[in-house]
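# Working through the structure, step by step
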Amino acid sequence: MRRKASLILLALAVFLTALAPLLRWYAFPRLAKIPANQYQDMVLEAKGATLLDYGTMKARKVSKVTIVQTLKGDVAAARRIERTAGRDVVVWDGLSYVQGPDGKMVSEIPERYIFDAHSQEPVHATGEMVDGDPVSRTGIEFKWPFLTEKRDYEYFDAQTRTTNPIHYKGTRTFRGVKVYYFEQTIPWTKVAFPKKMPVQGITAESVAKTGTTRWYTTVRKFWVEPVTGAPVYGEEIHKEELRGGTLLGGRAKVTAFAGDVKMREDYVRHTVALVKHNRTLVLLMTSYLPWGSLVLGVLVLGLSLWLEARARRPADPGPARAEEPEPVSA
Amino acid sequence: MRALIAAAAGLAVAFALVLTITTLGTSDGGTSPKPLLTTVPAHP
């Protein structure tokens, strides 16, 4: 009976011990992925920003500029691209909608971002674009890979349509979460006018004809939770100028937008809670389950060996029989 | 010999379980019906 039990425990010990590396290095890389149907929105605000009034072509201080950013996974498009790419793909349709203090649209820039669901590496397919212009991204955008490393990454900038390093600047704690802080500076760069302008009748083409150009610089800051690779907070010190041409009435340049763009407080709280939850799920696959399984496996193996050793021990000799006293003859 | 068979069985079950889990994977469902926002949401 003991030998049978020790064999069952041995099988269980091998099962548990084998499960540990299989979960960490086989299951986790295949299961950890961005779902193709992800939908998320984010509200950012620039309080006390400077905004160009297209009516007077003069920059003015405004109370607040709001940026609503939506990302929506297109599942059907992802499945279609997966058939040729041969890997799990996510297709994100994004919209950055900028609204002035009066609630009117300042700009709206759509984009389509296609990437590997596991590694966040860009996947190139028809439809990849920023504001209607076809692009071929390199680097990451919006999110870092799972198990983010303490190193610089290449980050795609949608305004310039270029990829530049985003530098790891240290480990910090943000609202109780350990995060890696990343920063990227895009120097003043000439960029395209948005296809959709805030004033009716004015188009990117009609502005371009005046010889006026649009320039942009930003300092992009991200606080990234390293287990999930998800930013828990982001900020941008963003400046835009219009330069030269006849549109500015002789002026060399005018500020189109300047502000310190920050995530709205309720979205920060929501994001931190969401990332904390997802972090636990990832840790379950990378740490809790593998280590738990390994420790349990070793314990069960010890128990199995102990039972086996007891089963093999020779049986104890029975109690010594009391010798009957021999009759004594006189 | 019986110990070897028991160990092999444990190993086989571990492989089978992990392969099944990864093959089944996670369901992605369908595209969200929610629109790309052009208004400021009141809350997340």
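Conventions we followed
- Residues numbered from 1 in each chain as written.
- Chains lettered and ligands numbered in written order.
- Predicted model: local features only at pLDDT ≥ 70, side-chain atom pairs only at ≥ 80, totals over all residues.
- Heavy atoms only, no water.
- Helix = DSSP H or I, 4+ residues; strand = E, 2+ residues; numbered from the N terminus.
- Areas by Shrake-Rupley, 256 points an atom, 1.4 Å probe, with all protein chains shown as cover.
- Contact = heavy atoms within 4.5 Å.
- Buried area = accessible area lost by both parts, 1.4 Å probe.
- Salt bridge = Lys/Arg side-chain N within 4 Å of Asp/Glu carboxyl O.
- Polar contact = N/O pair within 3.5 Å; in protein donor to acceptor, adjacent residues only side chain to side chain.
- Nonpolar A, V, L, I, M, F, W, Y, C, P; charged D, E, K, R; others polar.
- Patch = residues over 30% accessible without salt bridge, like charges linked within 9 Å, V, L, I, M, F, W, Y side chains within 5 Å.
- Axes fitted to C-alpha atoms, helices over the stretch in contact; angles between N-to-C directions.
- Parallel < 35°, antiparallel > 145°, perpendicular 65-115°, else oblique.
- Left-handed = near helix turned anticlockwise from the far one by under 90°.
- Pairing = 2+ DSSP bridges.
- Buried < 20%, exposed > 50% of the residue type's maximum accessible area, 1.4 Å probe, protein only.
- Phe/Tyr/Trp six-rings, centres within 6.5 Å; stacked < 30°, edge-to-face > 60°.
- Lys NZ or Arg CZ within 6 Å of the ring centre and 35° of its normal.

Looking at an unreviewed UniProt entry, one finds chain A named DUF3068 domain-containing protein, with Streptomyces mangrovisoli as its source organism.

Turning to the overall build of chain B, a few remarks are in order. Looking only at helices and strands, chain B has one helix and zero strands in total. The C-alpha extent of chain B, read off along each of the three principal axes, is 70 × 20 × 10 Å. Only carbon and sulfur atoms are counted for the fraction: they give 73% of the accessible area of chain B, which is about 3,000 Å².

Counting from both sides, the interface comprises 37 residues of chain A and, opposite them, 33 residues of chain B. Taken together, both faces of the contact between chain A and chain B bury some 3,000 Å²; the carbon and sulfur share is 70%. Viewed at the interface, chain B and chain A are joined by zero salt bridges. Applying the counting criterion to the chain A and chain B interface returns eight residue pairs in polar contact (both at pLDDT 80 or more). Contributions of two or more residues to the side of chain A that touches chain B are made by helix 1 (2–31), strand 1 (39–47), strand 4 (64–73), helix 2 (75–85), strand 5 (89–99) and helix 4 (265–312) of chain A. Take the side of chain A that touches chain B: its biggest share by element is 13 residues, from helix 1 of chain A. Within the side of chain A that touches chain B, the residues separate by chemical class into 21 nonpolar, six polar and 10 charged.

To continue, consider a nonpolar patch on the surface. Residues L281(A), L284(A), Y288(A) and L289(A) make up a contiguous nonpolar surface patch of about 370 Å² in total accessible area. Mapped onto the fold, L284(A) is located in helix 4.

It is the contact of helix 1 of chain A with helix 1 (residues 2–24) of chain B, at a shortest axis distance of 7 Å, that shows an interaxial angle of 30 degrees. Considered as vectors, helix 1 of chain A and helix 1 of chain B are oriented roughly parallel to each other. The interaxial crossing formed by helix 1 of chain A with helix 1 of chain B has right-handed handedness. Looking at side-chain class alone, the contact of helix 1 of chain A with helix 1 of chain B contains 22 nonpolar, two polar and three charged residues.

What follows covers the pairing of strand 2 (residues 50–53) of chain A. Residue and element names in this part refer to chain A. The sheet contact formed by strand 2 and strand 3 (residues 58–61) spans four bridges and is antiparallel. Bridging across to strand 3, D53 finds its partner in K58. With antiparallel pairing between neighbouring strands as the criterion, strand 2 and strand 3 make up a hairpin whose turn holds four residues, including M57 at a positive phi of roughly 60 degrees. Strand direction decides the pairing type here: strand 2 and strand 14 (residues 253–263), joined by two bridges, are antiparallel. The residue bridging T50 from the neighbouring strand is A258, located in strand 14.

Along the chain, the position of R30(A) falls in helix 1. Judged by relative accessible area, which is 40%, R30(A) ranks as partly exposed. The residues contacting R30(A), other than those within four sequence positions of it, are W25(A), H118(A) and T22(B).

This part takes up the packing of helix 1 of chain A against helix 4 of chain A. All names here are of chain A. For the pair helix 1 and helix 4, interaxial distance at closest approach is 7 Å and the crossing angle is 165 degrees. Of the possible angle classes, the one that applies to helix 1 and helix 4 is roughly antiparallel. For the element pair helix 1 and helix 4, the recorded crossing hand is left-handed. The residue makeup of the contact of helix 1 with helix 4, split by class, is 24 nonpolar, six polar and six charged.

All names here are of chain A. With respect to the secondary-structure elements, P198 resides in the loop between strand 11 (177–191) and helix 3 (204–209). Linking P198 and R112, residues 86 residues apart in sequence, is a C-alpha distance of 22 Å. Once you skip the residues sitting within four places of it in the chain, P198 turns out to touch Y54, M105 and V106.

Residues and elements named next belong to chain A. Under the definition given, this model contains 16 aromatic pairs over all chains. Taking the centre distance of 5.0 Å and the plane angle of 35 degrees together, the rings of W144 and F182 count as tilted. You can see W144 sitting in the loop between strand 8 (133–134) and strand 9 (153–157) and its partner F182 sitting in strand 11, a full 38 residues away along the chain. In this structure W144 comes out as buried when scored by relative accessible area, which is 0%. In this structure F182 comes out as buried when scored by relative accessible area, which is 0%. Members of the aromatic cluster, joined through ring pairs, are W144, Y153, Y155, Y168, Y180, F182 and F222. Stacked on the ring of Y26, the Lys or Arg R30 has its end atom at 3.8 Å from the ring centre. Over the face of the ring belonging to F146 we find K143, whose NZ or CZ atom lies 4.3 Å from the ring centre.

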